[in-house]
Amino acid sequence: AQRVTQPEKLLSVFKGAPVELKCNYSYSGSPELFWYVQYSRQRLQLLLRHISRESIKGFTADLNKGETSFHLKKPFAQEEDSAMYYCALRTGAGNMLTFGGGTRLMVKP
Amino acid sequence: GAGVSQSPSNKVTEKGKDVELRCDPISGHTALYWYRQSLGQGLEFLIYFQGNSAPDKSGLPSDRFSAERTGGSVSTLTIQRTQQEDSAVYLCASSLAGIGGSDTQYFGPGTRLTVL
């Protein structure tokens, strides 16, 4: 069975500091990984996906199959990055997403 | 354009009552998903509809939960004989095709269910 683990429930950094939100997954096949974000009083929305290899709002994430990780990184955090971040996995067995427990990022001024 | 909408936004019910939660997907989206967001369990998949295919019900936690999708559009999630552990935010999402790595799921605002 597939599983997504986000070891940190809360991550607090100062504005301008680098940030890394950790995500590890377990799945024996070829995974598709995503990061979703939920800002305060807004709906859950896609931030980025590994197949696009894109940078969104300064965030990047690289899939490391050897370490089964998909950590989300940003070199200089901004206050508006404060939100709940979820790592998600989609397997070939179906189209549903398996989510991690989420990490709340707080960026302090 | 209009996104995924859900109603009601909040629902308070008594233990043992039945509830119905509604989801209106984005027009033209063939795939529809229900997830549950609760304090103890995080975000869990419940059920997935793709076009006219039989739904994937593998995430439904018990036979008290059921869902249908009428006319390939609106979906209703029904919880019978509600229990306190059913209290959660129920999220609906839809996507254009439901297949392929580029398919994006768009989420609704959720229905917050409280079972007293």
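For the structure, see preceding data.
Definitions and cut-offs
Sequence order as written defines residue numbering, which begins from 1 separately in each chain. Chains carry letters and ligands carry numbers; both start at the beginning, A for chains and 1 for ligands, and go up in the order they are written. Since the coordinates come from a predicted model, pLDDT governs what is reported: local features require at least 70, and pairs of side-chain atoms require 80 or more to be given and counted, while whole-chain, interface and lining totals use all residues. Computation of side-chain values: all heavy atoms of the structure, hydrogens and water removed. Any two residues having at least one pair of non-hydrogen atoms within 4.5 Å are treated as being in contact. Once two parts are brought into contact, the accessible area they lose, counted with a 1.4 Å probe and summed over both, makes up the buried area. Salt bridges are defined as contacts in which a side-chain nitrogen from Lys or Arg sits within 4 Å of a carboxyl oxygen from Asp or Glu. In the analysis that follows, any N or O atom pair within 3.5 Å is treated as a polar contact, provided that within protein one partner can donate a hydrogen and the other can accept it, and provided that, for residues neighboring in sequence, both atoms belong to side chains. Side-chain classes follow a simple rule in which Ala, Val, Leu, Ile, Met, Phe, Trp, Tyr, Cys and Pro form the nonpolar group, Asp, Glu, Lys and Arg form the charged group, and the remainder, Gly included, forms the polar group. Pairing between two strands requires that DSSP report at least two bridges joining them. Starting at the N terminus, helices and strands are each numbered in turn, a helix being any DSSP run of H or I of at least four residues and a strand any DSSP run of E of at least two. Relative accessibility thresholds used throughout: buried, under 20% of the residue-type maximum; exposed, over 50%; partly exposed, between the two (1.4 Å probe, protein chains only). The axes are straight lines fitted to the C-alpha atoms, using for helices just the contacting stretch, and the angles between their N-to-C directions are given from 0 to 180°.

Asker: Please explain the interface of chain B and chain A as it appears in this structure.
Answerer: Much of the literature gives interface size as the accessible area that the parts lose upon coming together. Taken residue by residue, the interface counts 22 residues in chain B and 15 residues in chain A. Summed over both partners, the interface of chain B with chain A comes to about 1500 Å²; 51% of that surface belongs to carbon and sulfur atoms. Taken together, the links from chain B to chain A amount to 0 salt bridges. Between the two partners, chain B and chain A, sit 6 residue pairs in polar contact (both at pLDDT 80 or more). Partitioned by chemical class, the residues of the side of chain B that touches chain A number 10 nonpolar, 10 polar and 2 charged.

Asker: Explanation requested: the sheet that holds strand E8 (residues 72-74) of chain A in the structure shown.
Answerer: Pairing between sheet strands relies on hydrogen bonds along the backbone, with the strands arranged either parallel or antiparallel. All names here are of chain A. Taken in spatial order, the 3 strands of this open sheet run E3-E8-E7, and their pairing is antiparallel. Each having just a single partner strand, strand E3 (19-21) and strand E7 (60-61) make up the two edges of the open sheet. Pairing geometry for E7 and E8, over 2 bridges, is antiparallel. Pairing of Thr 60 across the sheet is with Lys 73, part of E8.

Asker: Looking at this structure, I do not really get the side chain of His 29 of chain B. What am I missing?
Answerer: All names here are of chain B. Inspection of the secondary structure puts His 29 in the loop between strand E3 (19-24) and strand E4 (31-38). Separated by 2.7 Å, the side chains of His 29 and Ser 94 make a polar contact. Leave out the neighbours within four places in its chain, and His 29 touches Arg 69, Gly 72, Ser 94, Ser 95, Leu 96 and Tyr 106.

Asker: Help me understand the pattern of salt bridges in this model?
Answerer: A side chain of one charge can pair with a side chain of the opposite charge when the charged atoms of the two come close. If you walk through the whole model with that rule in mind, you get 7 salt bridges over all chains. A salt bridge links Asp 81 of chain A to Lys 74 of chain A; the shortest N-O distance between them is 2.8 Å. Each member of the pair, Asp 81 of chain A as well as Lys 74 of chain A, carries the same accessibility label: buried. Across the salt bridge formed by Asp 86 of chain B and Arg 64 of chain B, the nearest N and O atoms sit 2.8 Å from each other. Here the residue Asp 86 of chain B occupies a position in the loop between strand E7 (75-79) and strand E8 (88-95), and Arg 64 of chain B occupies one in the loop between strand E5 (42-50) and strand E6 (65-69), the gap between them amounting to 22 residues.

Asker: Help me understand the environment of Cys 87 of chain A, please; the structure alone is not making it clear to me.
Answerer: All names here are of chain A. Topologically, Cys 87 is positioned in strand E9 (residues 83-90). According to the relative accessible area criterion, Cys 87 is buried, its value standing at 0%. In the structure, Cys 87 is positioned 82 residues away from Thr 5 in sequence and 8.1 Å away in space, judged by C-alpha atoms. Not counting the four nearest positions on each side in its chain, Cys 87 is found in contact with Val 4, Gln 6, Cys 23, Leu 33, Phe 34, Trp 35, Phe 70, Thr 98, Phe 99 and Gly 100.

Asker: Would you explain the sheet that holds E7 of chain B in this entry?
Answerer: All names here are of chain B. Here we have 4 strands laid out as an open sheet, ordered E1-E3-E7-E6, and antiparallel in their pairing. Looking along the sheet, the strands with just one partner apiece sit at the ends: strand E1 (5-7) and E6. Within the sheet, the average angular offset between the axes of one strand and its neighbour, ignoring direction, is 15 degrees. Both E3 and E7 contribute to a ladder of 5 bridges, which runs antiparallel. If you follow Arg 22 over to E7, its bridge partner there is Thr 76.

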